[in-house]
Amino acid sequence: MRLVAAAVGAALWLGLVLPSSAQAEVTAEQVRRSIDDAVGFLERQQKPDGSWEDYLNYPGGTTALCTLSLLTAGVEVGDPVIQKALAYLRTLDPKLNYVVSLQTMVLAAAEPQKDLALIVRNVKLLESRQHRDDRSGGSWAYENPSRIADNSNAQFVLLALHEAERAGVTTSEATWRLARDYWERSQNADGSWGYFTGQPGSGSMTCAGISALLMAREKLAEGDAKVSGETVECCVEHTTDNAIARAMGWLGRNFSVYQNPGDAGHILYYLYGLERVGRLTNSRLIGNHDWYREGAEALVRRQAQLGGGAWIGAGSGEQTPIVGTCFALLFLAKGRRPVLAAKLEFDPQPSWDNHRHDLANLTRYCEKKWQRELTWQVMRSKLATVDDLNQAPVLYISGSKAPAWSDAELKILRQYLDLGGFIFAENCCGGNEFDAGFRAMLARMFPDRDERGTLLYQLRPLPLEHSVWNAEEPVDPKHMRPLEGLDVGCRTSVIYCPQNLGCYWELDRLGRKQRYPEAVEAEIRAVRSIGINVLAYATNREVKYKLEIPHILADSGKPDAVERAKLYIAELKHGGGSNIAPTALVNLLKQLSLDTGLRVSTEKRELSPLQDEVFDHHLVFMHGRSSFSFSDAERKQLRLFVERGGLIFADAICSSEEFAASFRREMGQIFSDAPLRPIPASSEMFGEKFGGFALGQVTLRDPRRGNGAGPLRFDVIRTSPELEGVQLGNRYGVIFSKYDLSCALERHNSLECAGYNRDDAARIGINVILFSLRGNL
């Protein structure tokens, strides 16, 4: 009967959630609302004593699962719902391993120091119940070793021991060794796992096997670097993990978010495991599937169809709304963690991954320092599109051999940088192969030269005055590593270390108990500081949840044919850095089209003030970062352009005082009878009258107004837009922002750049364009 019920439940699930080709992709806002609705549903089901109704005949199990789900979804520990639940759970002395494990995970996530004694008690109990026989040795059953072991119980116990370790409780190495051996031994020939050893594989149990093996091997791994005396040995040889590769292959071939592969039920339980696999393997894709986006789409759609904020799955437990909602909420909330960085996989293999835990350990340090849950991913250079790369704010490239990148791969990397991406690279094992290859790659990626034939984009040593050296924490000068940088757009967008960094991150596992000689520890601290400084500089500690980053549509590469009823805006060339932010205007125009539906051309049009084509446009855009001057002929031409109804719209990149002074001087000479004056906050330009945004308050960010000590941070000021204009009669002929718009439009919130934030920069630009079309008459 259970099998029939599960099959019926699965059929209902498939009937409700299978996608229609006409439906739009799920958005980050839809996921956020879905999570909020699920949290509200669970909170409403809590009983006065702090518990939830038990549906699985596991006393306390549902309460622990609900509490864990709410904590994962961001409900604060101090919230009355959580405090009542914790008070109830502390009274339990659970017997079943499922419940002991869930109780342990909750206590470790909520107030581990307060509940340390209970966590230790549970760890000892779980370890004592591990099977020791030949067939199932290393596994667990429901309660005691005399019962038949199963892979679901075994998974939950290892999850509990893993979280206990993260909370500071020591677990037995022997326990993890037995568990690792069991999971390796019980894997099916096709790479899958079943509920019992020898059974055909299912999606949920294969996810359990992958996660269990990864956790066990992490606990037992010696790492890819080691210390002998006071000498650090990097790039220690390691073997390929075939068991994980075979399991991931099976999961990719059988991937679905609409059913549990190989099982008639347990769909939501499977998705809960799928999230964990994606996160622990740091994979954006499983097979060719974006597992989080597809799973979120299915869950958001299913919840909307059912109503009330809940989910109902198929199979024991999850057929009830409370349990089903917990598994779905765990997938949505845990799986959307922001991606801090992606590690680039490239040929020749496996030179990109000599230190397999380097970025993982650095990410965990950032999590601890920034008090925010983060994750990282692996991106395959051969398969990644610019949209794929754009999902990570930082691309980490580590290597020991010369990279074999094709022209197509380098084109995508260049587009990623132009769109605001950041590359952080290191020569991980010493030697010259990667160093020479990486420098050659940059020369191919940036072939631009000046009139003397000198490359315009080159790596240069970063002086100690550069913001990266103190973006987060000071670096011990005795153990510094050289850093070189290449500027793209408004900031240094490539940082390269010709010496080893990842080797020391590999040694620096969070919570490690092994201490090295002080000289080695000092090096680890310094290299860790360099790592977090670069990530803080690259991201300004602002990383977005999954799905918050919009898709990047590939350009056709063909110039636009001139069409009527289509908006064209050109950029003015000058000697003050007119090409420093090359994608600012393009990004603004794309956002204008998205927000208003206007037909716009995103073709890049750069014109000299003396070209007659200037008069084909109603608006020309200019920006820069250094001083410049126009010739008399250029001034005369620009005056004529404005008198004929044109508008010059300009901003100072990174609020450059040099450019602002030059711009004001030039406009003063061109329009001596109409000086630049502040545009009043009451101007219709800052309102919604012409289809734009209400800009009563916008956000200014200024690193120069900070305290001058500790990590570099922005002061954030809410103010009305500060624009200046040259008014000719009843219209503006010039509109100027002394604060940066362009760097923000390039998606750079640079630590060195004062100006408006990304969203407000786009809104200001859109309002100015709409005002020029409809209001500037």
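Our subject is the structure that appears above.
Throughout what follows, the structure given in this document is the object of discussion. (Residues numbered from 1 in each chain as written. Predicted model: local features only at pLDDT ≥ 70, side-chain atom pairs only at ≥ 80, totals over all residues. Heavy atoms only, no water.)

Time to look at the overall build of the chain. Helices and strands together make up the secondary structure of the chain, namely 24 helices and 21 strands. For the chain, whose C-alpha radius of gyration is 29 Å, the value lies close to the compact-globule estimate of 28 Å for 777 residues. The principal-axis extents of the C-alpha atoms in the chain amount to approximately 95 × 60 × 45 Å. Residues classed as buried in the chain amount to 58% of the 777 residues present. Within the chain, residue pairs in contact and separated by at least 24 positions form 74% of the contacts whose partners lie at least 6 positions apart. (Helix = DSSP H or I, 4+ residues; strand = E, 2+ residues; numbered from the N terminus. Rg over C-alpha atoms; globule rule 2.2 N^0.38 Å. Buried < 20%, exposed > 50% of the residue type's maximum accessible area, 1.4 Å probe, protein only. Contact = heavy atoms within 4.5 Å.)

A few words on the sheet that holds strand β5 (residues 339-345). Reading across from one edge, β6-β5-β7-β8-β11-β10-β9 is the order of the seven strands in this open sheet, with mixed pairing throughout. Each of the sheet's edge strands pairs with one partner strand only, and the pair in question is β6 (375-380) and β9 (460-461). The pairing of β9 with strand β10 (residues 484-488) spans two bridges and is classified as antiparallel. Bridging from a neighbouring strand, R460 pairs with G485 of β10. (Pairing = 2+ DSSP bridges.)

Formally, a disulfide is one covalent bond, and it connects the sulfur atom of one cysteine to the sulfur atom of another. Under the defined criterion, the tally for this structure stands at three disulfides. Linked covalently through their sulfurs, C234 and C503 form a disulfide whose S-S length is 2.1 Å. Disulfide C234-C503: torsion about the S-S bond near -90 degrees, hence left-handed. Within this pair, whereas C234 is found in the loop between β2 (231-233) and α10 (242-253), its partner C503 is found in helix α18 (residues 502-507), the two being separated by 269 residues in sequence. Residue C234 is classed as partly exposed on the basis of its relative accessible area, which comes to 27%. When its relative accessible area of 0% is taken as the criterion, C503 is described as buried. What pairs with C654 in a disulfide is C753, and their sulfur atoms sit 2.0 Å apart. Disulfide C654-C753: the torsion about the S-S bond is -105 degrees, which places it as left-handed. Taken together, the residues span a long stretch of sequence, with C654 in the loop between β15 (647-652) and α22 (657-670) and C753 in the loop between α23 (742-745) and β21 (755-756) at a distance of 99 residues. (Disulfide = S-S within 2.5 Å.)

Ranked by size, the top nonpolar core spans 100 residues in total, and within it V31, L158, W183, L251, L274 and L332 carry the most contacts. In terms of residue count, helix α13 (residues 321-335) provides more of this core than any other element does, 10 residues in total. Grouped together as the second largest cluster of nonpolar side chains are 42 residues, L340, A341, Y365 and I532 included. (Core = buried A, V, L, I, M, F, W, Y, C linked by side-chain atoms within 4.5 Å.)

This part takes up helix α2 (residues 28-45). Taking 1.5 Å of rise per residue, 18 residues should cover 26 Å, and α2 covers 26 Å from first to last C-alpha, within 8% of that figure. Check the buried side of α2 and you find it contacts α3 (61-72), α12 (291-306) and α13. (Expected span 1.5 Å × (residues − 1).)

A word on the side chain of T104. Its location among the elements puts T104 in helix α5 (residues 97-110). Given a relative accessible area of 0%, T104 falls into the buried group. In this structure T104 touches I119, N122, A160 and A164, once residues within four positions along its chain are discounted.

For the rest of this paragraph, the subject is the pairing of β15. For β15, the tally of buried residues reaches six of six residues, placing the bulk of the element in the interior. Here β15 shows a buried face lined by L647, F649 and D651 and a second buried face lined by I648, A650 and A652. Pairing of strand β14 (residues 619-624) with β15 involves six bridges; the strand directions are parallel. From the neighbouring strand, G624 faces β15, where its bridge partner is A652. In terms of handedness, the path from β14 via helix α21 (residues 632-643) over to β15 forms a crossover that is right-handed. (Right-handed = clockwise from strand over helix to strand, strands pointing away.)

This part is about the environment of P261. Take P261: it is sitting in the loop between α10 and α11 (267-280). When the C-alpha atoms of P261 and M205 are compared, they prove to be 9.8 Å apart, with 56 residues separating the residues in sequence. Excluding residues within four positions of it along the chain, P261 makes contact with G201, S202, G203, W250, N254, S256 and Y270.

So, about helix α17 (residues 433-445). In this model α17 runs 18 Å from its N-terminal to its C-terminal C-alpha over 13 residues, within 8% of the 18 Å that 1.5 Å per residue would give. Those residues of α17 that sit buried are F434, D435, G437, F438, M441, L442 and M445. Where the residues of α17 are buried, they touch β7 (395-399), α16 (407-418), β8 (423-427), β10 and β11 (491-497).

It is worth spelling out the pattern of salt bridges at this point. All chains considered together, the criterion is met by 48 salt bridges. Among the ionic pairs, D353 bridges to K343, the shortest N-O distance being 2.8 Å. Pair noted here: D353 is in the loop between β5 and α14 (358-370) and K343 is in strand β5, with a separation of 10 residues, a long-range link. For the pair D353 and K343, one class covers both residues: buried. Three or more residues are tied together by salt bridges with common partners; here these are E25, R284, D290, R293 and D388. (Salt bridge = Lys/Arg side-chain N within 4 Å of Asp/Glu carboxyl O.)

Quick look at the sheet that holds strand β16 (residues 677-678) now. Ordered by their spatial adjacency, seven strands build an open sheet running β13-β12-β14-β15-β20-β19-β16, and the pairing between neighbours is mixed. The open sheet has two edge strands with one neighbour each: β13 (606-607) and β16. Sitting on the sheet, α22 is in contact with β14, β15, β19 (723-728) and β20 (731-737), with an inclination near 160 degrees to β20. (Axes fitted to C-alpha atoms, helices over the stretch in contact; angles between N-to-C directions.)

This model, assessed by the stated rule, comprises 32 aromatic pairs. With centroids separated by 6.4 Å and ring planes inclined at 40 degrees, the aromatic side chains of F156 and Y272 adopt a geometry described as tilted. Remark: Y272 occurs in helix α11 and F156 occurs in helix α7 (residues 151-166); sequence separation between them is 116 residues. With respect to class, F156 is no different from Y272; both count as buried. Each member of the aromatic cluster is reached from another via a ring pair, and the members are Y58, Y98, Y142, F156, Y269, Y272 and F327. The lysine or arginine in question, K219, covers the ring of W176, its NZ or CZ lying 5.0 Å from the ring centre. (Phe/Tyr/Trp six-rings, centres within 6.5 Å; stacked < 30°, edge-to-face > 60°. Lys NZ or Arg CZ within 6 Å of the ring centre and 35° of its normal.)

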